[in-house]
Every structure is written in C-alpha cells, then in structure tokens.
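Structural overview
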Amino acid sequence: MVSGLVAAISGCSGGGPSTSTSARPGQFGSTYLVTVSRQTGGEVTSGDGRIACGTVGKTCGPAPYAWDEQAVLTATPDAGNMFATWAGDCIGRQQVNGVCILDTATYGADKFVAAVFGEAGRTQHVNFTDPALHGPAFLDWIAKKPDTFECTYCHGATYGGVGIAPSCTDCHARNGYPSWLANCNFCHLAPPQNGVHPAVSSDTTTCWGCHQGTVDESGNIIAGGNHMNGSIDATSGHAAGYNDPKIHGNDFLSAVSSNPATPYCTSCHGASYEVLIASGRSCNTCHAAPTTEGGGGWSGTDWKSNCTFCHGQRTPAYAAADLDLAAPPDAISQRLTGVEAPDRTGQHAIHLFNGGFVPAPRFQCSTCHPIPSTLAHVGAERRATVTIEAASAFPALGTAELARLPSPLGAYDPVAGTCTSYCHGVPNAGGVNTLMKWTNDYALATPILGCTDCHALPPPTGAIVVGNAYATAPTNTRYCGTTGCNNHEYHRRALQSNGYDSCANCHYGSAQGTYYAGLHVNGKPDMVYSPAGTGLKAFTATWDPVNRSCTASCHVNSGVGTVQRW
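Values in this document were obtained by computation on a predicted structure and should not be read as measured data.

**Some words on unusual backbone geometry**
Cis geometry is adopted by the peptide bond preceding Pro62, which originates at Gly61 and carries an omega value of 5°. Note that Pro62 resides in the loop between strand E4 (58-59) and strand E5 (63-66). Of note, the bond from Leu457 into Pro458 is cis; its omega dihedral lies within 30 degrees of zero at -5°. Relative to the assigned elements, Pro458 resides in the loop between helix H14 (451-454) and strand E13 (464-465). We note that Leu189 has phi near 65°; this positive angle belongs to a residue other than glycine. Inspection of the secondary structure assignment puts Leu189 in the loop between helix H5 (184-187) and helix H6 (245-258). Despite not being glycine, Val521 has its phi angle at roughly 55°, a positive value. Tracing the chain through its elements places Val521 in the loop between helix H16 (503-506) and strand E15 (541-544). With relative accessibility at 19%, the residue Val521 sits in the buried group.

Below you can see the structure in the form of structure tokens.
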C-alpha cells in the first residue's frame with residue numbers, strides 16, 4: 001500500500017504537460033523536475049546552468065533538482081522588451097522582479113514554468129491587486145527605472161481607467177484614499193515611520209524645511225517637483241554654518257517668540273529638542289557636549305532651564321540660587337552679536353549686588369521681573385517684562401504695610417530708558433532726580449545717589465503715608481523763625497542745635513552714612529532711635545506707629561513724658 005501510494009504521488013505534476021515526454025518524472029522525496037516553456041522576447045536562466053531557455057537558449061528542461069534543493073530562475077528581457085510576469089508554478093513567487101524561486105516546501109511535485117515578455121512599458125501583467133506587488137511596480141515606473149510598467153498606458157493619464165484596465169483612483173477611494181496622489185500617508189505616512197526619518201511633527205507644513213523641492217511652505221506637494229521621482233530629495237534644512245549659535249540662536253528665539261507653545265523648531269527637533277538629526281546629535285546632546293568636541297559645553301543644568309544659557313554669566317552647573325548670575329551685563333543681544341548693549345545692561349549689577357549703591361538693600365530679580373519657568377517668556381523684542389510690584393520688592397512687609405504702598409511701585413519706559421518708581425521718588429517727598437535713567441554710566445565703586453535725589457533733606461512734610469500728610473507747620477518759632485517749618489525740618493534743626501546727629505537719631509539703621517543698617521528703601525518708614533554705644537548721642541524716645549505719636553525726653557517744654565502727635 002505504501003509503495004503504491006509513493007508511486008502514485010511521484011507521478012503527480014504541478015502545472016501542465018511536460019515538454020519532454022521521454023523524461024522520467026521526479027521521484028517523491030528524492031528529486032523533482034523543472035521545465036520552462038520556451039517564449040520569445042527574453043530568456044529564462046538558472047544560476048546553476050541547468051536552464052537557459054528563450055529567444056536564444058533552448059535548454060528548457062526538464063532539469064532535475066534534489067528534493068531539498070532550490071531552483072532559482074531569472075527572467076531577462078531582450079532589448080526593447082520587458083519582463084511582465086511569471087506563469088505556471090512561479091505565480092505568486094516574486095513575479096515582479098524577474099526572479100522565481102522553486103522548491104518542494106509548499107508542495108512536492110515537478111514544476112512547469114513560463115515567463116511572459118512584451119514591449120517595454122506596455123506589456124500586460126497579471127492581476128496583481130496586492131499593494132505589495134503593484135505598489136513597488138508603480139514607484140519603479142515613477143522613478144523611470146528600466147523594465148517597468150507604463151501605468152498610464154493602460155490606466156489613463158489620471159489613473160481613471162481605460163477599457164478593461166480598471167480605475168486606480170476608484171479602487172484607492174474605496175479603500176479610504178480618494179486623493180491618494182496628494183496624501184502623504186498613502187505611501188509612507190507623515191512623517192515616514194521607517195526607522196531612518198527623524199521622529200518629527202506630523203504637520204506637513206514642516207516638511208518644507210528639508211524637502212523644499214517636494215512641498216511648498218504650506219505643506220502642499222509641488223506639481224512637477226521632486227515628489228515620487230524615485231529618490232529621497234532632502235537637505236539638512238539649514239544653510240552651511242547654521243550651527244553657529246549667533247545664527248541658529250537668533251532664529252530659535254524668533255521661533256519661540258512667534259509661537260511659545262510649539263516653536264517651529266520642534267517640528268524637526270522634537271518637542272523636547274531630543275531628536276537626533278545633525279551628525280547624530282540633538283539640540284540637547286550638542287549643547288551638553290564639550291566645546292572641544294564642537295559642543296556648547298553646557299554639561300550641567302539642562303540648557304532649557306538654565307537662565308545663564310542666554311544671558312548673564314555663563315554658568316553650566318546652574319541652580320535656582322544662581323538666578324542673580326543670569327542678569328546682564330551680557331544680555332541676549334550681546335551673547336548673540338558680541339557687541340555690548342548698554343540699554344539692556346543698564347544698572348542690573350547695582351540693584352542686584354549693591355555695586356556701590358550703599359543706601360539700598362540687595363534686590364532680587366523678581367523685584368522687577370516675573371521669573372519664568374519655561375522658554376515661553378521670550379518676546380519678539382527680546383526684552384524682559386518689567387513689573388515692579390511691592391510684594392516682590394519688599395518681601396518682609398506684612399499685608400497692612402504693603403497696602404500703604406502704590407501698586408505697581410512704578411513703571412519702566414523701554415523707549416526712553418527711564419524708570420519712575422516709589423524707590424526713587426517717595427510721593428510728595430520733594431526729590432530732585434526721581435526720574436532715573438537706566439543707562440546712566442555711573443562708577444559702580446561709589447554711591448550714585450544722594451539723599452536729595454529721591455527726597456528732600458529733610459522731606460518737606462512729616463512722615464508720609466501715600467495719600468496722607470500728617471505734618472503741619474508748627475507755631476513754635478524757636479528753630480524755624482516766624483514763618484514756621486514742617487515737622488521734619490523743625491526736628492532736624494532742634495536736634496542739631498542740641499548736639500544730635502538729627503536724621504540718624506530717629507531713623508537709626510535707615511539714614512545714609514555710617515549708621516545705615518539695611519532699613520533704607522525697605523518700603524516703610526522706620527522709627528528706630530539711636531542707642532548708646534554707637535558713636536551717636538543716645539536718644540531716648542518711644543514711637544507709637546498706630547497713633548503716630550512720640551514720647552521723648554526732649555519734649556521738656558510740654559512736660560517730661562508728654563505724648564506728642566507727629
């Protein structure tokens with residue numbers, strides 16, 4: 001029974017009648033035969049020399065092959081012709097590229113094969129509706145490769161179908177691609193997911209950066225351009241030398257200012273600037289690389305959160321406590337051009353580091369600027385936002401004390417370069433230089449302001465609270481003459497006549513000079529009387545800030561211990 005079954009199977013054939021009636025069939029499990037139908041227009045050959053059949057060759061088989069051996073056939077068209085398709089046992093076996101591989105893995109039987117050749121570009125093909133077959137053939141024709149089907153010859157100039165040739169457009173529309181010729185996702189997705197293309201945005205308007213001959217700036221395919229020309233036409237997206245920070249840095253800031261949420265740079269470089277593009281580097285890795293390797297040397301804090309990356313003193317290992325180092329000199333414009341920018345630098349150092357400006361405390365960046373946490377703070381004019389708020393300027397003040405101050409504390413005019421603020425001109429205090437020029441070129445080693453710049457010496461009234469003036473000219477003429485004077489002037493003259501320092505006796509720690517102890521320009525008037533052992537004549541008094549009254553030993557004319565309201 002077994003031998004009869006084997007004999008029966010060994011006589012089976014897989015394609016058609018053998019062209020050699022005298023040949024013995026292959027033996028099941030041992031050998032199989034390959035026979036090629038001789039056609040004109042080309043040649044079918046095997047690499048082992050057992051088949052050479054066609055216009056010239058007449059060795060068409062049957063050729064014996066071992067049961068576990070492959071028969072690799074190649075169809076080569078004559079000049080002016082092209083290979084169209086395989087027939088017989090080669091159907092479905094790489095029938096487009098002219099190679100057919102036969103074996104017994106699918107089924108064990110003798111093989112019968114035919115190759116179809118015809119006029120180059122215009123011969124017919126089998127019904128290969130599988131996109132894996134006709135897709136590459138279409139792209140080969142678009143790329144003008146030799147021995148490819150001229151698709152428009154049968155399917156029409158617009159692929160609408162002609163005669164028995166179906167409409168490519170209708171077929172693709174039924175499968176969800178009515179505009180298949182203009183849909184980037186039809187062939188390769190947008191962007192291509194081939195493991196080679198950078199992981200960039202799917203917004204096709206960004207394709208123009210690298211494929212300027214293929215799409216326009218709106219992301220539309222350019223008619224007659226490089227699209228579907230058989231090659232990948234791409235540039236780096238930037239001109240030579242673009243890696244110079246002075247060039248790409250300026251463009252980057254423009255991108256951020258025009259669209260802070262998603263700058264156009266992110267379409268290629270990634271939302272976090274992590275995409276590897278140029279020389280295998282991303283923005284992040286390039287900035288972090290050592291300068292000796294062509295990098296930026298910003299190996300410490302991430303450049304996107306390092307304020308000194310764009311302005312101030314370069315500090316790669318940056319921390320939040322280093323915020324002062326981000327202030328000019330070395331503004332953004334100077335970092336990009338190398339040219340000093342006095343209108344940007346101004347008096348930053350004086351305000352931040354007490355650069356000789358003794359009568360004021362050290363202010364924080366937040367005094368005049370909201371502190372950003374992202375790159376989105378970059379503006380079109382590359383100027384920092386100036387908002388002078390009392391709570392930021394004087395963080396030690398309580399709610400009630402802050403309420404007594406103007407809000408905002410002042411304003412900066414970027415055109416005139418001037419600053420008008422409470423700090424430089426207490427309201428109604430009689431200062432002669434309250435409109436300060438930001439670019440004044442003062443020597444930082446010496447004080448730049450005197451008492452009378454911001455307020456008269458002494459102020460023209462009593463203690464001033466915004467909107468309220470408590471002092472009135474006294475009638476006592478002992479120190480002020482018959483015309484009288486305001487309380488500040490009266491007390492100054494009286495104290496100096498009795499051997500006191502005057503200002504520092506009532507405002508110890510505030511008055512400019514030797515006795516300054518950080519209370520000056522702190523957002524509120526401080527009544528601190530000079531103690532003994534300070535080099536000043538001791539002054540004994542008690543100040544009530546609620547009733548604005550003073551109990552002092554010097555009020556002898558009214559009786560010792562008499563309370564006097566300011």
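**Digging into the packing of aromatic side chains**
The full count for this structure, using the stated rule, is 16 aromatic pairs. Chaining the aromatic ring pairs together yields one cluster made of Phe138, Trp141, Tyr159, Tyr177, Trp180 and Phe186. The ring of Tyr65 has Arg50 sitting right over it, with the charged end atom 4.0 Å from the ring centre. A cation over an aromatic ring shows up here: Lys111 above the ring of Tyr32, its NZ or CZ 5.8 Å from the ring centre.

**Notes on the state of the cysteines**
Following the criterion strictly, the structure yields two disulfides and no others. A sulfur-sulfur separation of 2.0 Å characterises the disulfide bridge that pairs Cys53 with Cys60. Residues Cys53 and Cys60 are joined through a disulfide that is right-handed, its torsion about the S-S bond being 85°. The same class applies to Cys53 as to Cys60, namely buried. With its sulfur 1.9 Å from that of its partner, Cys90 forms a disulfide with Cys100. Taking the sign of the S-S torsion, -95° for the link of Cys90 and Cys100, the bridge is left-handed. Residue Cys90 is located in the loop between strand E7 (81-88) and strand E8 (99-102), and its partner Cys100 is located in strand E8; the two are separated by ten residues in the primary sequence. On the basis of relative accessibility, which here comes to 0%, the residue Cys90 falls in the buried class. Relative accessible area serves as the criterion here: at 0%, Cys100 is assigned to the buried category. Counting only cysteine sulfurs, Cys265 is the nearest neighbor of Cys283, a cysteine outside any disulfide, at a range of 7.3 Å. Under the relative-accessibility criterion, Cys283 is labelled buried at 18%.

**A look at the confidence of the model for the protein chain**
For the protein chain, per-residue confidence averages 78 on the pLDDT scale, and 83% of positions sit at 70 or higher. For the stretch residues 442-447, pLDDT sits under 50, and the model shows twelve contacts to residues farther than four places along the chain or on other chains. Contacts for the low-pLDDT stretch residues 463-475, under 50 throughout, to residues beyond four places or in other chains number 28 contacts.

**Considering the sheet that holds E15**
Strand order across the open sheet formed by three strands is E15-E16-E17, with antiparallel pairing between neighbours. Both edges of this open sheet fall to E15 and strand E17 (563-565), since each of them pairs with a single strand only. Each neighbouring strand pair of the sheet contributes to a mean axis angle of 25°, computed without reference to strand direction. Note that strand E16 (residues 549-552) and E17 share three bridges and pair antiparallel. Within E17, the residue paired with Cys550 across the bridge is Gln564.

Calculation criteria
All residue numbers refer to position in the chain's written sequence, counted from 1. Reporting in this predicted model follows two pLDDT cut-offs: at least 70 for local features of residues, and 80 or more for side-chain atom pairs to be given and counted; totals over whole chains, interfaces and linings ignore these cut-offs and use all residues. Side-chain descriptors were evaluated using all non-hydrogen atoms of the structure, hydrogens and water having been removed beforehand. Think of it this way: any DSSP run of H or I at least four residues long counts as a helix, any run of E at least two long counts as a strand, and we number them from the N terminus. We call a residue buried when its accessible area falls under 20% of the maximum for its residue type, exposed when it is over 50%, and partly exposed in between, using a 1.4 Å probe and counting protein chains only. Between the rings of Phe, Tyr and Trp (Trp by its six-membered ring), a pair exists once the centres lie within 6.5 Å; its type follows the angle of the planes, with under 30 degrees stacked, over 60 edge-to-face, and the other angles tilted. As a reminder, the over-ring test applies to NZ of lysine and CZ of arginine, requiring each to be within 6 Å of the ring centre and within 35 degrees of the ring normal. Any two cysteine sulfur atoms within 2.5 Å of one another count as a disulfide. Summary of the metric used: pLDDT quantifies the predictor's per-residue confidence within the range 0 to 100. Contacts are assigned to residue pairs that have any heavy atoms within 4.5 Å of one another. The rule for pairing is simple: two strands pair if DSSP sees at least two bridges between them. Lines fitted to C-alpha atoms define the axes here, with helix axes fitted over just the stretch in contact, and angles between the N-to-C directions of these axes take values from 0 to 180 degrees.

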